[in-house]
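Structural features, examined
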Protein chains: 2
Amino acid sequence: MSILAVGSIAFDTIATPAGHAENVLGGAATYFSLAASYFTKVRVVAVVGEDFTAEHENVLKKRGVDTRGIERAKGKTFRWGGKYIENLNEAKTDFTELNVFENFHPRIPAEYQDSEFLFLGNIHPTLQATVRRGLRAVRFTGGDTMNFWIQGTPEELGETLKLVNILMINDGEAKMLARETNLPRAAQKVLAMGPQALVIKHGEYGATIFFRDGAFGAGRHPFRAPALPIDEVKDPTGAGDSFGGGFMGYIASQPELNREVLKRALFYGGVMGSFAVERFGTERLQSLTREQIDARFAIFRELTHLE
Amino acid sequence: MSILAVGSIAFDTIATPAGHAENVLGGAATYFSLAASYFTKVRVVAVVGEDFTAEHENVLKKRGVDTRGIERAKGKTFRWGGKYIENLNEAKTDFTELNVFENFHPRIPAEYQDSEFLFLGNIHPTLQATVRRGLRAVRFTGGDTMNFWIQGTPEELGETLKLVNILMINDGEAKMLARETNLPRAAQKVLAMGPQALVIKHGEYGATIFFRDGAFGAGRHPFRAPALPIDEVKDPTGAGDSFGGGFMGYIASQPELNREVLKRALFYGGVMGSFAVERFGTERLQSLTREQIDARFAIFRELTHLE
């Protein structure tokens, strides 16, 4: 099944203890699409500026991503600069230039109307809701958000959460959204806002999925997938979005959606995140094979598997 | 097999979002011994003051812990006060009164000389080394340490690490000890200092065990046990020491020491840590059954188990 991904395409300038990179292709939609492309067909809706070249687009096209939904606007593409110093789990932002992204109003090409899976990247919750409502064929929606919307547009976000099947956020965002410091209790409060399941991303410690009672035939217990301890973390940028791409890509590739599928999807999410951080930008995600991905899946499984 | 545990007994004054407790029995040796007592016989070596009553001692005795190694000194027992505010993973210390613990020189009763398993709690590394060297029958030593010794007595700690089979510390301590912010690389550096394996405790995210090449018949990959997301964290004090007690207690209860045993031990460590935090002080650890422990072990296993 095709996934439609809506979100940012950006040029990132990144410094980490392992080196630095300038104006490399990034953005949530880019990482998500590349990661998901190893599992299923991906369609992307985003906006770029005049500095986005055919070469940049080819990074996506080579992975079979349908780029007809990338709108070209006058001006520059979204740019972000940040560094990771001591803590590879958290970037210190140097600059954010929204550029053409500031006025992004996602337009869905007619050819995308039959999409059954939708990923709503981190944009204004009202835009997320509009996209979702405009797509009749969608039967599963994954969504992301961030502190900026949790604090700034809580009501709009509340409306969007009712339209999302699985929300994927990190520990800090979950606690802020629920106004609750205990993670499992925060998860229950977020689930009460609408989603059937909540994926909380723990960075280098993996991710946990919490289920609403009865959702996906799930029992009452959450499920946790570890992240592989990686010797060479070159650049953590995009790890969370690559996680999302692996997670949703695997789901979209399966004939059924049940608890077992979601468990394996959580592991595949971790696998794609672990590849993403091994090189700067999207480099590692451009040239993987499904065999490499499945080999790492087996290692992740072994990492916590008791006979 | 009997485990000999050397470490602190303390009275703790604790405040958490769930409430507070004053002068409750605590200390690393106490949590460790109670947790380990569900798996094997435990002997404890510690020092207490005149304020340590028969009632306090009975908490340990009721769990079958051999308390003949508890020395009574003139003065007061070690006291610690702290609070957990936003972050349940980290205490803010209000006061530390070492009292009789300041001059603690562990004396091993003759009846303990045949101990084959030794846990060296967080005391001066030279004292740890002296205890280890004085025990001829020991064939497996687990050790703990903390930032204070890592920074203050690095050479003495280096000597002790050569005598320890498995070191159990947290993320921050491992990174400080190795002077390395990447966790897997930090782990390799710590292993090069002596231990055959290193357990890194991640608080609410579980723990990872890293192996020296070939140690315990282990492959090159680490192993990770998750912690169960706990709805009701009343008091995180002693979670790490309870983890250690479950981990070493299980190891000591097994006829062989190999990778599979260490994997299950890591899960049992998480189980005991998860019980400890459900009540203030040692309350929860005083009245468990092995059935309850194994039921939670099964939940932990399910938490990350893929078919």
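The notes below deal with the structure included here. (Residues numbered from 1 in each chain as written. Chains lettered and ligands numbered in written order. Predicted model: local features only at pLDDT ≥ 70, side-chain atom pairs only at ≥ 80, totals over all residues. Heavy atoms only, no water.)

1. Some remarks on the overall build of chain A
Tallying secondary structure elements over chain A gives 11 helices and 13 strands in all. Computed over the C-alpha atoms, the radius of gyration of chain A is 18 Å, within 12% of the 19 Å expected from 2.2 N^0.38 for a compact globule of 307 residues. Judged by the C-alpha coordinates and their principal axes, chain A covers about 50 × 45 × 35 Å. In chain A, which comprises 307 residues, the share counted as buried stands at 60%. At a minimum sequence separation of 6, the contacts of chain A that also span at least 24 residues come to 62%. Roughly 12,300 Å² of accessible area belongs to chain A as shown, and the carbon and sulfur atoms make up 49% of that amount. With 35 positive and 37 negative side-chain charges, chain A shows a spacing of 4 Å between the two charge centroids. (Helix = DSSP H or I, 4+ residues; strand = E, 2+ residues; numbered from the N terminus. Rg over C-alpha atoms; globule rule 2.2 N^0.38 Å. Buried < 20%, exposed > 50% of the residue type's maximum accessible area, 1.4 Å probe, protein only. Contact = heavy atoms within 4.5 Å. Areas by Shrake-Rupley, 256 points an atom, 1.4 Å probe, with all protein chains shown as cover. Lys, Arg positive; Asp, Glu negative; His and termini not counted. Charge placed at Lys NZ, Arg CZ, Asp CG, Glu CD.)

2. Side note on helix α8 (residues 239-252) of chain A
Residue and element names in this part refer to chain A. In this model, α8 (14 residues) spans 20 Å end to end at C-alpha, consistent with the 20 Å of a helix rising 1.5 Å per residue. α8 sits mainly inside the fold: 12 of its 14 residues count as buried. Of the positions making up α8, those classed as buried are D241, S242, F243, G244, G245, G246, F247, M248, G249, Y250, I251 and A252. (Expected span 1.5 Å × (residues − 1).)

3. Topic: the pairing of strand β11 (residues 197-201) of chain B
Residue and element names in this part refer to chain B. For β11, the buried fraction is high: 5 of the 5 residues fall into the buried class. Relative to β11, strand β10 (residues 166-170) is paired through 5 bridges, and the arrangement is parallel. Bridge pairing links L167 to L198 in β11. Note: β11 against strand β12 (residues 207-211), 5 bridges, orientation antiparallel. Counted as the bridge partner of L198 is F210 from β12. (Pairing = 2+ DSSP bridges.)

4. Points about the sheet that holds strand β6 (residues 79-83) of chain A
All names here are of chain A. Here 4 strands make up an open sheet; going across it, the order is β3-β2-β6-β7 and the pairing mixed. Of all the strands in the sheet, the pair left with one neighbour each is β3 (19-26) and β7 (92-97). Mean inter-strand twist for the sheet, computed between neighbouring axes without regard to direction, equals 10 degrees. Summarising the sheet, strand β2 (residues 10-16) and β6 pair through 5 bridges and their orientation is parallel. (Axes fitted to C-alpha atoms, helices over the stretch in contact; angles between N-to-C directions.)

5. Re the interface of chain A and chain B
In this assembly, 37 residues from chain A lie in contact with 37 residues from chain B. Regarding the contact of chain A and chain B, the summed buried area is about 3,300 Å², with carbon and sulfur atoms giving 56% of it. Our count for the chain A to chain B interface comes out at 2 salt bridges. Secondary structure elements with two or more residues in the side of chain A that touches chain B: α6 (171-178), α7 (183-191), β12 (207-211), β13 (223-225), α9 (259-276) and α11 (290-304) of chain A. Among the elements that make up the side of chain A that touches chain B, the one with the highest residue count is α11 of chain A (6 residues). Residues of the side of chain A that touches chain B, tallied by class, amount to 16 nonpolar, 7 polar and 14 charged. (Buried area = accessible area lost by both parts, 1.4 Å probe. Salt bridge = Lys/Arg side-chain N within 4 Å of Asp/Glu carboxyl O. Nonpolar A, V, L, I, M, F, W, Y, C, P; charged D, E, K, R; others polar.)

6. Here's the deal with the relation of the copies chain A and chain B
Mapping chain A onto chain B calls for a rotation angle of 180 degrees and an axial translation of 0.0 Å; the resulting RMSD is 0.0 Å. Such a combination of rotation and displacement between the chain copies is what one expects of a two-fold axis. Comparing interface residues between copies, 100% of those in chain A also sit at the interface in chain B, which points to an isologous, same-surface contact. (Least-squares fit on C-alpha atoms with pLDDT ≥ 70 in both.)

7. Here we look at the sheet that holds strand β9 (residues 140-143) of chain A
Residue and element names in this part refer to chain A. Strand order in the open sheet made by the 9 strands is β5-β4-β1-β8-β9-β10-β11-β12-β13, with mixed pairing throughout. Single-partner strands in this sheet number two, and they are β5 (66-72) and β13. With strand direction ignored, the average angle separating the axes of adjacent strands in the sheet is 15 degrees.

8. Describing the pairing of strand β4 (residues 42-48) of chain B
Residue and element names in this part refer to chain B. For β4, a buried count of 7 out of 7 residues is recorded, marking the element as mostly surrounded by other parts of the structure. Going residue by residue along β4, you find V42, V44, A46 and V48 tucked away on one face and R43, V45 and V47 tucked away on the opposite face as well. Note: strand β1 (residues 3-6) against β4, 4 bridges, orientation parallel. Residue pairing in the sheet places L4 in a bridge with R43 of β4. Summarising the sheet, β4 and strand β5 (residues 66-72) pair through 5 bridges and their orientation is parallel. Opposite A46, over in β5, you have I70 as the bridge partner. Following the chain from β4 across helix α2 (residues 54-61) to the adjacent parallel β5, one finds a crossover that is right-handed. (Right-handed = clockwise from strand over helix to strand, strands pointing away.)

9. Here's the deal with the side chain of D235 of chain B
Residues and elements named next belong to chain B. Topologically, D235 is positioned in the loop between β13 (223-225) and α8 (239-252). The side chain of D235 sits in the buried core without any salt bridge; K234 is the nearest counter-charge, 11 Å away. For D235, the residues in contact, after removing those within four places along its chain, are I14, T16, Y84, A276, V277, R279, F280 and G281.

10. As for the packing of α6 of chain A against α7 of chain A
Residues and elements named next belong to chain A. Direction vectors running N to C along α6 and α7 enclose 60 degrees, while the axes themselves pass 9 Å from each other. In this view, α6 runs oblique relative to α7, as classed from their interaxial angle. Of the two possible hands of crossing, α6 and α7 adopt the one that is left-handed. Contacts between α6 and α7 involve D171, A174, K175, L177 and A178 from the former and L183, A186, K189 and V190 from the latter. In the contact of α6 with α7, the residues fall into 6 nonpolar, no polar and 3 charged. (Parallel < 35°, antiparallel > 145°, perpendicular 65-115°, else oblique. Left-handed = near helix turned anticlockwise from the far one by under 90°.)

11. Details of the environment of G121 of chain A
Residues and elements named next belong to chain A. Inspection of the secondary structure puts G121 in the loop between β8 (117-120) and α3 (125-133). In this structure the C-alpha to C-alpha distance between G121 and A28, which are 93 residues apart in sequence, comes to 6.6 Å. Setting aside residues up to four positions removed in sequence, G121 forms contacts with V6, Q128 and D144.

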